[in-house]
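Chains, contacts and geometry: an overview
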Number of protein chains: 2
Amino acid sequence: MTLPPSDMLCFALYSATHAMQSAYAPLLAELGLTYPQYLVLSALWSSPGSQSMGTIGHILQLESSTLTPLVKRLEAMGLVARHRSERDERRVLVTLTDAGTAMRDRAAHVPGCIADRAGLSQSEIAALRDTVFALRDTLRRA
Amino acid sequence: MTLPPSDMLCFALYSATHAMQSAYAPLLAELGLTYPQYLVLSALWSSPGSQSMGTIGHILQLESSTLTPLVKRLEAMGLVARHRSERDERRVLVTLTDAGTAMRDRAAHVPGCIADRAGLSQSEIAALRDTVFALRDTLRRA
DNA sequence: GATTATTAGATCGCGCGCGATTTTATTGCA
DNA sequence: TGCAATAAAATCGCGCGCGATCTAATAATC
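Small disclaimer: the values here were computed from a predicted structure and weren't measured. (Residues numbered from 1 in each chain as written. Chains lettered and ligands numbered in written order. Predicted model: local features only at pLDDT ≥ 70, side-chain atom pairs only at ≥ 80, totals over all residues.)

1. Quick look at the relation of the copies chain B and chain A
Once chain B has been moved 0.0 Å along the axis and rotated by 180°, it coincides with chain A to within an RMSD of 0.0 Å. Those values place the two copies in the arrangement expected of a two-fold rotation axis. Closest approach to the rotation axis within chain B is made by the C-alpha atom of Leu13(B), at a distance of 3.1 Å. Most of the interface of chain B is mirrored in chain A: 100% of its interface residues are interface residues there too. (Least-squares fit on C-alpha atoms with pLDDT ≥ 70 in both. Contact = placed C-beta atoms within 7 Å.)

Structure follows, in structure tokens:
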């Protein structure tokens, strides 16, 4: 029961993810961002105030071993600030700087550019997104 | 026009791909393989004889900078052999060793295990796979 | 209140994954 | 034939992404 890559759902997801990141790359490169960095900023833009490393990791499903250096790079770029929570000294809270907040407007055109390239209607995109999220959650739970 | 990750199709693909690799990881680890290594072997198992680095890269949509070290690791494990084409000395042909061929049987249970965990019917899997491949190809072409 | 268990991040090692560049071989063209 | 253009792999640098491990802080248990 061995299949060629062209028949494998996992490979479809794998190569589509890379194609998607290739589509984002030139747009984000103009802003000096990588795709994972853009995801972290998207999480921060979506909720007011600061968020802990743990919360961001939960949203993006990334381990601290991935997230810590990623956020440190954003900090080095001056887009976010990191500081210890006073209520719980274990937690590190991440806050957008002014430059990080301003980046939201500078990146505002990106989702539209990608949607155009995907060649799908809004409802098709939403349906596919929900199906893929459901598969992800089933795999994570099982 | 900024969305939270939970509303982004790209993030659905991104996190589902990682969830899929997490599902494969323990099964492949028993065989001493990583997921990309398994993909290369799947490509080789699906076609008799040897295949060039370029052909494998085309099938898996990977650059030579990714594929060369990956295949060298498979060679170091004794699963494949690499040799220059005689007709065209630029080409490197990759051939399964006996151990590489035998790995196909040892990994035969893997696709079924993943399909079970995905919780989708065969037709649902096929439909999603084709939709995702179509999206990928649109993104690559645009 | 002291000891143990749990939790949050950080660190380390390793394998991708790619863009940019380099090397070597083949092809095209005058 | 000779020389530029193209093509195939390999190499290098950098940023993920994770499992395993470590450290420090809080929570739980006695």
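2. Some words on the domain arrangement of chain A
By domain assignment, chain A separates into domain 1 (25-103) and domain 2 (109-142). Distance between the C-alpha centres of domain 1 of chain A and domain 2 of chain A: 23 Å. (Domains from an automatic or database assignment.)

3. Brief notes about the protein's contact with DNA strand D
Around DNA strand D, 24 residues are found, and the nearest of them are Ser65(A), Ser52(B), Gly54(B), Ser65(B) and Thr68(B). Counting residues per element, the ones that place at least two in the surface near DNA strand D are α2 (35-45) and α4 (64-76) of chain A together with α1 (9-29), α3 (53-60) and α4 (64-76) of chain B. Among the elements that make up the surface near DNA strand D, the one with the highest residue count is α4(A) (four residues). Residue composition of the surface near DNA strand D, grouped by class: six nonpolar, eleven polar and seven charged. (Near = placed C-beta within 6 Å. Helix = DSSP H or I, 4+ residues; strand = E, 2+ residues; numbered from the N terminus. Nonpolar A, V, L, I, M, F, W, Y, C, P; charged D, E, K, R; others polar.)

4. Digging into the protein's contact with DNA strand C
Lining the immediate surroundings of DNA strand C are 24 residues, of which Ser52(A), Gly54(A), Ser65(A), Ser65(B) and Glu89(B) lie closest. Sorting the residues of the surface near DNA strand C by element identifies α1 (9-29), α3 (53-60) and α4 of chain A together with α2 (35-45) and α4 of chain B as the ones contributing at least two each. Considering each element in turn, the surface near DNA strand C owes the most residues, four residues, to α4(B). Grouping the amino acids of the surface near DNA strand C by side-chain chemistry returns six nonpolar, eleven polar and seven charged.

5. Observations concerning unusual backbone geometry
All names here are of chain A. You will see that Gln61, though not glycine, has its phi angle at about 55°, which is positive. Relative to the assigned elements, Gln61 resides in the loop between α3 and α4. By the C-beta count within 10 Å, which is 17 here, Gln61 ends up partly exposed. (Buried ≥ 20, exposed ≤ 12 C-beta atoms within 10 Å, placed from the backbone.)

6. Considerations on the packing of α1(B) against helix α6 (residues 110-118) of chain B
All names here are of chain B. As a packed pair, α1 and α6 sit with axes 10 Å apart at the nearest point and diverge in direction by 145°. Remark: the crossing between α1 and α6 carries right-handed chirality. Listed contacts from α6 to Ala23, Tyr24 and Leu27 of α1 are Val110, Cys113, Ile114 and Arg117. Split by residue class, the contact of α1 with α6 holds six nonpolar, no polar and one charged. (Axes fitted to C-alpha atoms, helices over the stretch in contact; angles between N-to-C directions. Left-handed = near helix turned anticlockwise from the far one by under 90°.)

7. So, the interface of chain B and chain A
Each partner contributes residues to the interface: chain B has 48 residues there, and chain A has 48 residues. The leading source of residues in the side of chain B that touches chain A is α1(B), at 14 residues. Here the side of chain B that touches chain A is composed, by residue class, of 32 nonpolar, eleven polar and five charged.

8. A look at the nonpolar core
Core analysis: the biggest nonpolar cluster contains 70 residues, and Leu13(A), Val40(A), Leu13(B) and Val40(B) have the highest contact counts within it. When near neighbours in sequence (up to four residues on either side) are disregarded, Leu13(A) contacts Leu13(B), Ala16(B), Thr17(B), Met20(B) and Val132(B). (Core = buried A, V, L, I, M, F, W, Y, C linked by C-beta atoms within 7 Å.)

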